[in-house]
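Okay, here's what each chain looks like letter by letter:
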Amino acid sequence: MTTIREVALRAGVSPSTVSHIINNTRFVAPETRARVLAVMAELNYRPNVLARSLRRGETHTIGLILPDSANPFFAEIARAIEDAAFRAEYNVILGNTENNLEREQVYVDVFVQKQVDGLIFVATGDQSPSLEELLRLGIPVVVVDRRLPGLQADTVLTNNLQGGLQATRYLLERGHRRIGCITGPSHLTPSADRVVGYRQALTEYGVPIDERLIRRGDFHPHSGYALTHELLQCDPPPTALFVCNDLMALGALRALAETGRQVPHDCAVVGFDDIELASYANPPLTTIRQDKAALATMAVQFLRERIARTDIPARTYTVATTLVERLSGGTTV
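Below is a summary of the structure that appears in this document. (Residues numbered from 1 in each chain as written. Predicted model: local features only at pLDDT ≥ 70, side-chain atom pairs only at ≥ 80, totals over all residues. Heavy atoms only, no water.)

Observations concerning the overall build of the protein chain
Under the convention used in this document: Helix and strand labels come from DSSP, where a helix needs a run of H or I of at least four residues and a strand needs a run of E of at least two; each type is numbered from the N terminus. In this setup the radius of gyration rests on C-alpha atoms only. A globule is expected at 2.2 Å times the number of residues raised to 0.38. The classification of residues rests on relative accessible area computed with a 1.4 Å probe and restricted to protein chains. Under 20% of the type maximum is buried, over 50% is exposed, and intermediate values are partly exposed. Neither His nor the chain ends is counted toward charge; the positive residues are Lys and Arg and the negative residues Asp and Glu. Charge placement uses NZ in Lys and CZ in Arg. For Asp and Glu, CG and CD serve respectively.
In terms of helices and strands, the protein chain carries twelve helices and twelve strands. Relative to the globule expectation of 20 Å for 333 residues, the C-alpha radius of gyration of the protein chain, 25 Å, shows a markedly less compact shape. Dimensions of the protein chain, computed from the C-alpha atoms along their principal axes, are close to 85 × 40 × 30 Å. Looking at the protein chain residue by residue over its 333 residues, the buried ones come to 51%. Distance between charge centroids for the protein chain: 6 Å, based on 34 positive and 37 negative side chains.

And the structure:
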């Protein structure tokens, strides 16, 4: 491996001059800079960025912990965070916990050992001992997508209650009064907030809340499929469904098709997330869009600020939702 001294010797300059050119820390005459860069290219010299960063106490690397990278929403969040980090000249290392607290702890330990500058964290549940440990150690952390009660950490959230209101109001405005709700796990704040929005919208319109029309899924397609079949057994069945993520909504569309119901004429469907697959559903899915780019940009910004100053108070930033109207939600009863 070529060393900085070999570059300096071939270019006829001192090693410190080569270092100043690499780090852009001092003026160097243009002709000297050009000569050194040409020698670096000739010798295929690559600066040891990691070693240089460690001398400064930085690695320009952040860890990203996700609960389920197979879920398109989290895959799209990861891509958006990686894009935002790349623009800020940070590399991203991904850890997928599979909603398992032990795996979460293992990834936290690995990232700490790798001396990442900070972590962006989507917790497995509403409690995270590993995140509590990171905060105690003073390691910069930003929590994304869910609130963790009692923890003083920078947090970037979607306004899930607003999204639940938007979805349910949209269906109510089209005359639906039997609106089923397929929600996610109760211990996750995004799921709980979306149902709060659903209930508030029904109350606003004077529609009694029928608990039989609320079913709890797991954010995976099969639960949307199975719970839609259950809801269709109600007497009378719902004329519309608010499904609290797009994956479950895709399962709901399949169940409705299997029972001969036309969407939206027999049963309208509104999802949540606006994953890329939503526009390719049959029919294309009306859904609540989470602004993944805004979530990612703010998470990376918060983390950079936290890396620079660990003493600032914990902050929370909430990103608004928007309703994306496609064919699955669109008829008036």
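Looking at unusual backbone geometry
Here the amide bond leading from aspartate 235 into proline 236 is cis, since omega sits at 0°, within 30 degrees of zero. Following the sequence through the fold, proline 236 ends up in the loop between α10 (221–231) and β8 (240–243). In this chain, valine 263 is followed by proline 264 through a cis amide linkage whose omega measures 10°. Its location among the elements puts proline 264 in the loop between α11 (246–258) and β9 (268–273). The phi dihedral of histidine 60 is positive, around 50°, even though this residue is not glycine. You can see histidine 60 is positioned in the loop between α4 (49–55) and β1 (61–66). For histidine 60, a relative accessible area of 25% puts it in the partly exposed group. With a phi close to 55°, glutamate 98 is a non-glycine residue in the positive phi region. Glutamate 98 gets classed as partly exposed once you look at its relative accessible area, which sits at 43%.

Comments concerning the packing of helix α2 (residues 15–23) against helix α3 (residues 30–42)
Short version of the rule: With axes taken as lines fitted to C-alpha atoms, and helix axes fitted only over the stretch in contact, angles between N-to-C directions fall between 0 and 180 degrees. In these notes the angle categories are as follows: under 35 degrees is roughly parallel, over 145 is roughly antiparallel, 65 to 115 is roughly perpendicular, and the rest is oblique. Here, residues are in contact when the closest pair of their heavy atoms is within 4.5 Å. Nonpolar residues are Ala, Val, Leu, Ile, Met, Phe, Trp, Tyr, Cys and Pro. Charged residues are Asp, Glu, Lys and Arg, and all others, Gly as well, are polar.
In contact at an axis separation of 10 Å, α2 and α3 are set at 90° when each is read in the N-to-C sense. It follows that α2 is roughly perpendicular to α3 by the angle criterion. In contact with Thr17, Val18, Ile21 and Ile22 of α2, α3 contributes Thr32, Arg33, Val36, Leu37 and Met40. Residues that form the contact of α2 with α3 fall into these classes: six nonpolar, two polar and one charged.

A few points about the side chain of aspartate 274
The test is simple: Distance and chemistry together define a polar contact, namely a pair of N or O atoms within 3.5 Å, with one atom able to donate a hydrogen and the other to accept it when in protein, and with adjacent residues in sequence counting only for side-chain atoms on both sides.
Here aspartate 274 lies in the loop between β9 and β10 (286–289). The exposure class of aspartate 274 is buried, given its relative accessible area of 9%. A distance of 2.6 Å separates a polar atom in the side chain of aspartate 274 from a polar atom in the side chain of arginine 289. With residues near it in sequence (within four places) discarded, aspartate 274 still touches Glu76, Asp246, Thr287, Ile288, Arg289, Lys292, Val324 and Arg326.

Side note on the nonpolar core
Put simply, the rule is: We define a nonpolar core as any set of buried Ala, Val, Leu, Ile, Met, Phe, Trp, Tyr and Cys residues linked to one another through side-chain atoms lying within 4.5 Å.
Counting residues in hydrophobic clusters, the biggest one holds 69 residues, and the most contacted among them are Ile120, Val156, Leu171, Tyr198, Phe242, Val243 and Val269. The dominant element in this core, judged by the number of residues it contributes, is helix α5 (residues 72–87), at eight residues. Dropping the residues within four chain positions of it, valine 269 is found in contact with Leu241, Val243, Ala249, Leu253, Leu256, Val263, Leu285, Thr286, Ser328 and Gly329.

Some remarks on the pairing of β9
For clarity, the cut-off: Here, a strand pair is defined by DSSP locating no fewer than two bridges between the strands. With the strands pointing away from the viewer, any crossover whose connection runs clockwise from the first strand over the helix to the second is right-handed.
Most of β9 sits out of view: six of its six residues are buried. Here three bridges tie β8 to β9, and the two strands are oriented parallel to one another. Across the sheet, leucine 241 pairs through a bridge with valine 269, a residue of β9. Following the chain from β8 across α11 to the adjacent parallel β9, one finds a crossover that is right-handed. Note: β9 against β10, four bridges, orientation parallel. Paired with phenylalanine 272 across the two strands is isoleucine 288, which belongs to β10.

Observations regarding the sheet that holds strand β7 (residues 214–216)
The strands making up a sheet associate through hydrogen bonds between their backbones, and the pairing can be parallel or antiparallel. Across the sheet, which stays open at both edges, the six strands sit in the order β7-β6-β8-β9-β10-β12 with mixed pairing between neighbours. In this open sheet, the two strands that pair with only one neighbour each are β7 and β12 (322–324). If you compare each strand with its neighbour and ignore which way they point, the axes differ by 20° on average.

Shape is all these values report; function is a separate question.
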